[in-house]
Amino acid sequence: MAGRKIAVVGLGGIGGVAAACLSLSPENDVTVCARRQIDTLTFDHHEDSSRIRLKTLTEPDMAEPVDWAILCTKAQDVASAAPWLEKLCTSKTTIAVLQNGIAHEERVGPYAKGATVLPAIVYYNGERLAPDHVRLRHISGHDLLVPAGPQAGAFAALFDGTPIDVGISAEFITYQWRKLLVNVIANPITALTRQRLGVFQRSDIQDLSLGILREAVVVGWAEGAQLRDNEAESILETFLGYPAEAGTSMYFDCLAARPLEIEALNGAVVAAARRHDIPTPLNGAMLTLLKAVSDANATERG
Ligand SMILES: NC(=O)c1ccc[n+]([C@@H]2O[C@H](COP(=O)([O-])OP(=O)(O)OC[C@H]3O[C@@H](n4cnc5c(N)ncnc54)[C@H](OP(=O)(O)O)[C@@H]3O)[C@@H](O)[C@H]2O)c1
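Residues numbered from 1 in each chain as written. Predicted model: local features only at pLDDT ≥ 70, side-chain atom pairs only at ≥ 80, totals over all residues. Heavy atoms only, no water.

1. Quick look at the environment of Leu282
Phase 1: Within the fold, Leu282 resides in helix H10 (residues 281–301).
Phase 2: Under the relative-accessibility criterion, Leu282 is labelled partly exposed at 29%.
Phase 3: Separated by 11 residues in the primary sequence, Leu282 and Ala271 have C-alpha atoms spaced 13 Å apart.
Phase 4: Leave out the neighbours within four places in its chain, and Leu282 touches Leu208, Gly211, Ile212 and Glu215. (Helix = DSSP H or I, 4+ residues; strand = E, 2+ residues; numbered from the N terminus. Buried < 20%, exposed > 50% of the residue type's maximum accessible area, 1.4 Å probe, protein only. Contact = heavy atoms within 4.5 Å.)

In structure tokens:
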């Protein structure tokens, strides 16, 4: 019997996969909060493809309080999702934030209506092949990671018996910064150069990447992340093993002239650096340039 009321807000790559997987557990009563009506989602995983029935709402006024809100918009769209949270949340709700970046609590807290905000690191690849068709690819290790604490076990239990593996860590901040480090080079450099990961084979791009990473590592240390002395070099080395033809979400958003998630990535490094009085000129340059691109994209879209 479906006892847990869950709302998935945002039906993109990550939200689509989350909604499909959560719907596989008979204990979950899943509602999708989206901007278009989608009643059936095709879900690809490994060699399998299945059709999942969805209960979708497109009007926040129709939403009712839930036990769990799974927020899967891009970071810059949190404010636009506020009308959903307004209806979905009470002080008994937990909002799991499946987004890149850090500072999830600060970003979502103002719209949470007293609900608990649970940040989650997303490791799985969720690709939206069409508005009603998503594909899950596992990258390595856990698919999601949440910080150890009162809500962690109950969140992991939502995905029991589904293809999503949820890890729980007391070292969450360190993992959050490691993921952020990959994102502060991968996303802005592919977006600005309009080239896929193959651009990182250039030695000048590698030098720039190391500069961005070394700045961010110092900020991560100041924020309490247990990063290694050679973290920047090691991240870049791992990164160079990724497929040259792979793109990043900011690269695709840039090509499609959509607003960019830059404030949550290099912007988060710059904001944290300010708190500790640490200079971050390279991250600042990425932020300034991509904010200009993002604002132009937003203006173009009206
Ligand atoms: N995709 C990945 O593999 C991956 C991996 C790791 C981390 N992440 C992170 O996960 C987060 C989600 O990424 P994503 O790839 O799923 O993004 P996405 O494909 O762009 O999906 C975001 C979804 O949110 C919806 N949305 C935006 N504002 C909304 C609103 N006010 N009400 C309802 N729906 C709204 C969008 O609707 P429309 O379709 O109408 O625009 C879209 O369907 C990001 O922080 C990203 O960096 C993604």
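Additional details are given in the paragraphs that follow.
2. Some details on the site of the ligand
Phase 1: Among the 24 residues in the neighbourhood of the ligand, the closest are listed as Ile14, Ser80, Asn100, Arg128 and Glu261.
Phase 2: Glu261 has a polar side-chain atom sitting 2.5 Å from an oxygen atom of the ligand.
Phase 3: Starting from 900 Å² of accessible surface for the ligand in isolation, the protein chains cover 86%.
Phase 4: Only helix H1 (13–23) and strand S9 (125–130) provide two or more residues apiece to the shell around the ligand. (Near = heavy atom within 4 Å. Polar contact = N/O pair within 3.5 Å; in protein donor to acceptor, adjacent residues only side chain to side chain. Areas by Shrake-Rupley, 256 points an atom, 1.4 Å probe, with all protein chains shown as cover.)

3. Focus: the nonpolar core
Phase 1: Of all hydrophobic cores here, the largest spans 39 residues; its most connected members are Trp177, Ile185, Phe200 and Leu213.
Phase 2: Listing elements by their share of this core, those giving two or more residues are helix H5 (172–193), helix H6 (203–222), helix H7 (231–240), helix H8 (249–255), helix H9 (266–276) and H10.
Phase 3: Considering each element in turn, this core owes the most residues, 8 residues, to H5.
Phase 4: In contact with Ile185, not counting residues within four places along its chain, are Phe200, Ser209, Ile212, Leu213, Leu236 and Phe239.
Phase 5: Counting residues in each nonpolar core, the second largest holds 38 residues, with Ala34, Leu118, Ala120 and Val166 among its members. (Core = buried A, V, L, I, M, F, W, Y, C linked by side-chain atoms within 4.5 Å.)

4. Some remarks on the packing of H6 against H10
Phase 1: For the pair H6 and H10, the least separation of the axes is 8 Å and the interaxial angle reads 110 degrees. Considering the angle they form, H6 stands roughly perpendicular to H10. Across the interface between the two elements, Leu208, Gly211, Ile212, Glu215 and Ala216 from H6 touch Pro281, Leu282, Asn283 and Met286 from H10.
Phase 2: Considering only residue class, the contact of H6 with H10 consists of 6 nonpolar, 2 polar and 1 charged. (Axes fitted to C-alpha atoms, helices over the stretch in contact; angles between N-to-C directions. Parallel < 35°, antiparallel > 145°, perpendicular 65-115°, else oblique. Nonpolar A, V, L, I, M, F, W, Y, C, P; charged D, E, K, R; others polar.)

5. Re the domain arrangement of the protein chain
Phase 1: Its domain assignment divides the protein chain into domain 1 (4–169) and domain 2 (172–301).
Phase 2: Look at where the C-alpha atoms of domain 1 and domain 2 centre, and you get two points 25 Å apart.
Phase 3: Contact with domain 1, which involves 18 residues of that partner, is made by 15 residues of domain 2.
Phase 4: Approximately 1,400 Å² of surface area, both sides summed, lies buried where domain 1 meets domain 2, with 60% of it carried by carbon and sulfur atoms.
Phase 5: The interface formed by domain 1 and domain 2 holds 1 salt bridge in total.
Phase 6: The residue Lys74 makes a salt bridge to Asp253 at a minimum N-O spacing of 2.8 Å.
Phase 7: Our enumeration of links across domain 1 and domain 2 arrives at 7 residue pairs in polar contact (both at pLDDT 80 or more). (Domains from an automatic or database assignment. Buried area = accessible area lost by both parts, 1.4 Å probe. Salt bridge = Lys/Arg side-chain N within 4 Å of Asp/Glu carboxyl O.)

6. What about empty space enclosed by the protein?
Phase 1: Taken as a whole and assessed by the stated rule, the structure comprises 1 cavity of 30 Å³ or more.
Phase 2: What lines the largest cavity is simply Gln99, Asn100, Gly101, His104, Ala120, Ile121, Val122, Gln176, Lys179 and Leu180.
Phase 3: Secondary structure elements with two or more residues in the lining of the largest cavity: strand S8 (116–122) and H5.
Phase 4: Here the lining of the largest cavity is composed, by residue class, of 4 nonpolar, 5 polar and 1 charged.
Phase 5: Lining the lining of the largest cavity are residues from two domains, each supplying at least three of them: domain 1 (4–169) and domain 2 (172–301). (1 Å grid on protein atoms, 1.4 Å probe; cavity = no way out; pocket = protein on both sides within 12 Å on 5 of 7 lines; lining within 4 Å. Points joined across faces, edges and corners; volume = space filled by probe spheres on them.)

7. Points about the packing of aromatic side chains
Phase 1: Applying the stated criterion across every chain, the model contains 5 aromatic pairs.
Phase 2: Seen from their ring centres, Phe155 and Phe159 are 5.5 Å apart, and the 65 degrees between their planes marks the pair as edge-to-face.
Phase 3: Overall, Phe159 belongs to the buried group, its relative accessible area being 2%.
Phase 4: Taking 5.1 Å as the distance between ring centres and 70 degrees as the angle between the ring planes, the aromatic pair formed by Tyr251 and Phe252 counts as edge-to-face.
Phase 5: By relative accessible area, which is 8% here, Tyr251 ends up buried.
Phase 6: The structure contains a cluster of three or more aromatic residues connected by ring pairs, namely Trp68, Phe155 and Phe159. (Phe/Tyr/Trp six-rings, centres within 6.5 Å; stacked < 30°, edge-to-face > 60°.)

8. Concerning the pattern of salt bridges
Phase 1: All chains considered together, the criterion is met by 13 salt bridges.
Phase 2: When the shortest N-O distance is used, the salt bridge between Glu223 and Arg275 registers 3.1 Å. Of this pair, Glu223 sits in the loop between H6 and H7 while Arg275 sits in helix H9, and the two are 52 residues apart along the sequence.
Phase 3: With relative accessibility at 23%, the residue Glu223 sits in the partly exposed group.
Phase 4: Assessed through its relative accessible area of 55%, Arg275 is described here as exposed.
Phase 5: Each member of the salt-bridge network shares a partner with another, and the members are Lys5, Asp29 and Lys55.

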